[in-house]
Amino acid sequence: MKYVKLILTCIFIFFIASCEFGSDTKSNNNKELENLEFEIECDDTVLIGEIVELHVICGIDAEFVFNASNDNISFTSENNVMIITGVKEGKTMLSATVKGTNNSKTFEIYIMEAVITPLRISYTGKNSFYLEEEAELKATVLPLGAEQDVEYKLSNDNFKIENGKLVALSIGTCVLTIKCANFDVSLDVNLSVYDKDVNNTIPLQSGVTREMTSPNFWLSKISYANDVILTTDEIQNVNKSIFNASNTKVVNILDYSKTLTKATVQSMIESYTVSTSWKINGSAQTSSYASTINAKCNINAIPSTVNVEYGLVNSFSRVRSFPTNDVATTTNSFDRLQETSLEVGEGVIILHYSSDNEWYFVQSYNYYGWVEASTITKVEKDEFSAYLNANEFIIVNCEELVINGIKYRMSTKLLIENETNSHYVCKVPTKEGFSTIDVPIDADVSKGYVPYTTGNVLKLAFKLLDNPYSWGDTSIDGHDCSSTMNAVYKCFGFIMPRNTSNQNKIPLNIIDVSGLSTTQKANKLLSVRPGTLVFMSGHVMMYIGTNNGTQYILHNYATYMGCNITTTSNYVNSFNVIVEMVK
């Protein structure tokens, strides 16, 4: 009996000790959970009907309880994941609590109505082809910023699609259907293939015949087509007068001041402003956008005295009003942050850097703005001057010359380092410094500037027919109205202002027709040479001649989505200035 009592006593003592030990362990576990550090990961914006997940991140295997402050969402949970569905617009506070404790965290989300913007397809590629010609397919889903895949279908075998390009196989027409892959949006584009013997392939506007698309049609009507209008030296004298005319906004970068004041550079940078009406990348502009983009201009870092640096353009370079590639649009697709572009080999004065050093604020000969630093090769002043002053150079005379996969547009000037029987060896700036390219002797280039004759003006201009319209030269493959005229006249050595508001002040034969009647304006055109520039508000055209009493112009206009020939009938009443490029 004694032994039985002793055994029972031991069991009782062991039981009491075990309970006390368990109690201590539980207390320690609760304390650990109360102090547990954890994080919440979740999108802070949810669209109605959208499903997102809230994840809890912690270092141990703990169980969590989830809750929401209202019924703007519905949710379930599984394996410590809160699965959320947006129900109605508003904000909701979510909470995650370690089970059995007061240890919790909250996270605020916003539930928004999904806004579906109507989509449309824009085609900016070629419509007219010579046999066996090929061109890249260029379709965009608008508004800009909408990321949608497109599908292509051809109506017959006159074309094929190969490696992202249209290839013309046989003479005739074809319909290219472009369809948005995820939405019921499509566009039909009419394509045409012409024999290579046909002079030109542009779609004809009212009153224009196929034969009129050849410069020879117009040159046959005048006796002075091959007469030199101005020599190269005389054009250089004209350039001096353009430099001296402040209203052309053209500067001599070879004679640019070595230093500028902070106030001067700052006023140049701050001449660009952001409009609150712009959409940015297809979406409504945020309230902080302007301040963010202005901060990137790095105004506070401009020194009191700016020592200028020198650079040469090493690849097609877009000039922007702010250091960003964001796309700013209003009621159309024109990017309001795009100013102009610079060609390979052009010189720039570097005045300032963006806050991230990825952009330079530069002055070219006819514009200033922000360019990506990677497109500019820094050089010393003597190397800068030597390249731009080179006596031996070629000028690209075609719409674009492609060498080693690089496009060089009409009027691009390339320094000749050597010449063989078969090609020019041209020195070009690269990101690493300089390199050389071989340009075939028989390429559509001229050694030196093109002789300035009426015949050559029209021949060059007509090479740009059907060149796509591109606002501010956003695309290397297109031009706008004023850069079209620049491309032609730069081939003769003219230093041209960039925009129409400055081009119409070139100090040559300026004829103010703003106060004249339609008939009087037409009579003024009869007195000038083909190739004369004709201006109306915001637009420039080239007068090419008169046929059977009707006057015709060549111009790159958004309405036609490219460079085309039209009669003056829809424009003559708006003509305000005529500039004949003669002294």
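Scroll up a little and you will see the structure.
Described in the following lines is the structure provided in the data block.

**Points about the overall build of the protein chain**
- When its secondary structure is counted, the protein chain shows ten helices and 44 strands.
- Compactness check: the protein chain gives a C-alpha radius of gyration of 34 Å against a globular reference of 25 Å for 583 residues, more than 25% above the reference.
- Once the C-alpha set of the protein chain is aligned to its principal axes, its extents read approximately 145 × 60 × 55 Å.
- Across the 583 residues in the protein chain, those meeting the buried criterion constitute 46%.
- About 28,800 Å² of surface is accessible on the protein chain, with carbon and sulfur atoms providing 49% of the total.
- The averaged location of the 64 negative side-chain charges in the protein chain is 5 Å from the averaged location of its 44 positive side-chain charges.

**Focus: the environment of Ala68**
- Along the chain, the position of Ala68 falls in strand 4 (residues 64-68).
- It is 26 Å that separates the C-alpha atoms of Ala68 and Lys31, two residues lying 37 residues apart in sequence.
- If we ignore the near neighbours within four places in the chain, the residues touching Ala68 are Ile73, Phe75, Thr92, Met93 and Leu94.

**Examining unusual backbone geometry**
- If you check the backbone angles, Ser411 has positive phi at about 85° while not being a glycine.
- Here Ser411 shows up in the loop between strand 33 (406-409) and strand 34 (413-419).
- In this model, Asp473 sits at a positive phi of 55°, which is unusual for a non-glycine residue.
- Positionally, Asp473 belongs in the loop between helix 7 (454-462) and helix 8 (481-490).
- Here Asp473 falls in the buried class, since its relative accessible area comes to 3%.

**Observations regarding empty space enclosed by the protein**
- Inspection of the entire model under this criterion finds two cavities of 30 Å³ or more.
- In this structure, the largest cavity occupies an estimated 160 Å³ of space.
- Lining the largest cavity are 18 residues, with Ser341, Glu343, Glu346, Asn486 and Lys490 sitting closest to its centre.
- When contributions to the lining of the largest cavity are tallied by element, the ones reaching two or more residues are strand 26 (338-342) and helix 8.
- It is helix 8 that provides the largest number of residues to the lining of the largest cavity, a total of four residues.
- The residue inventory of the lining of the largest cavity, partitioned by class, reads four nonpolar, eight polar and six charged.
- Along its surface, the second largest cavity is lined by Ile229, Tyr452, Thr454, Val457, Tyr489, Arg529, Pro530, Gly531, Thr532, Glu580, Met581 and Val582.
- Across the lining of the second largest cavity, the residue classes break down as seven nonpolar, three polar and two charged.

**Quick look at the sheet that holds strand 14 (residues 159-162)**
- Across the sheet, which stays open at both edges, the three strands sit in the order 11-15-14 with antiparallel pairing between neighbours. The sheet terminates laterally at strand 11 (134-136) and strand 14, the two strands that pair on one side only. Here the strands of the sheet are splayed against their neighbours by 25° on average, with no regard to which way each runs.
- Two elements, strand 11 and strand 15 (residues 165-168), share three bridges in a ladder whose sense is antiparallel.

Thresholds applied
- Residues numbered from 1 in each chain as written.
- Predicted model: local features only at pLDDT ≥ 70, side-chain atom pairs only at ≥ 80, totals over all residues.
- Heavy atoms only, no water.
- Helix = DSSP H or I, 4+ residues; strand = E, 2+ residues; numbered from the N terminus.
- Rg over C-alpha atoms; globule rule 2.2 N^0.38 Å.
- Buried < 20%, exposed > 50% of the residue type's maximum accessible area, 1.4 Å probe, protein only.
- Areas by Shrake-Rupley, 256 points an atom, 1.4 Å probe, with all protein chains shown as cover.
- Lys, Arg positive; Asp, Glu negative; His and termini not counted.
- Charge placed at Lys NZ, Arg CZ, Asp CG, Glu CD.
- Contact = heavy atoms within 4.5 Å.
- 1 Å grid on protein atoms, 1.4 Å probe; cavity = no way out; pocket = protein on both sides within 12 Å on 5 of 7 lines; lining within 4 Å.
- Points joined across faces, edges and corners; volume = space filled by probe spheres on them.
- Nonpolar A, V, L, I, M, F, W, Y, C, P; charged D, E, K, R; others polar.
- Pairing = 2+ DSSP bridges.
- Axes fitted to C-alpha atoms, helices over the stretch in contact; angles between N-to-C directions.

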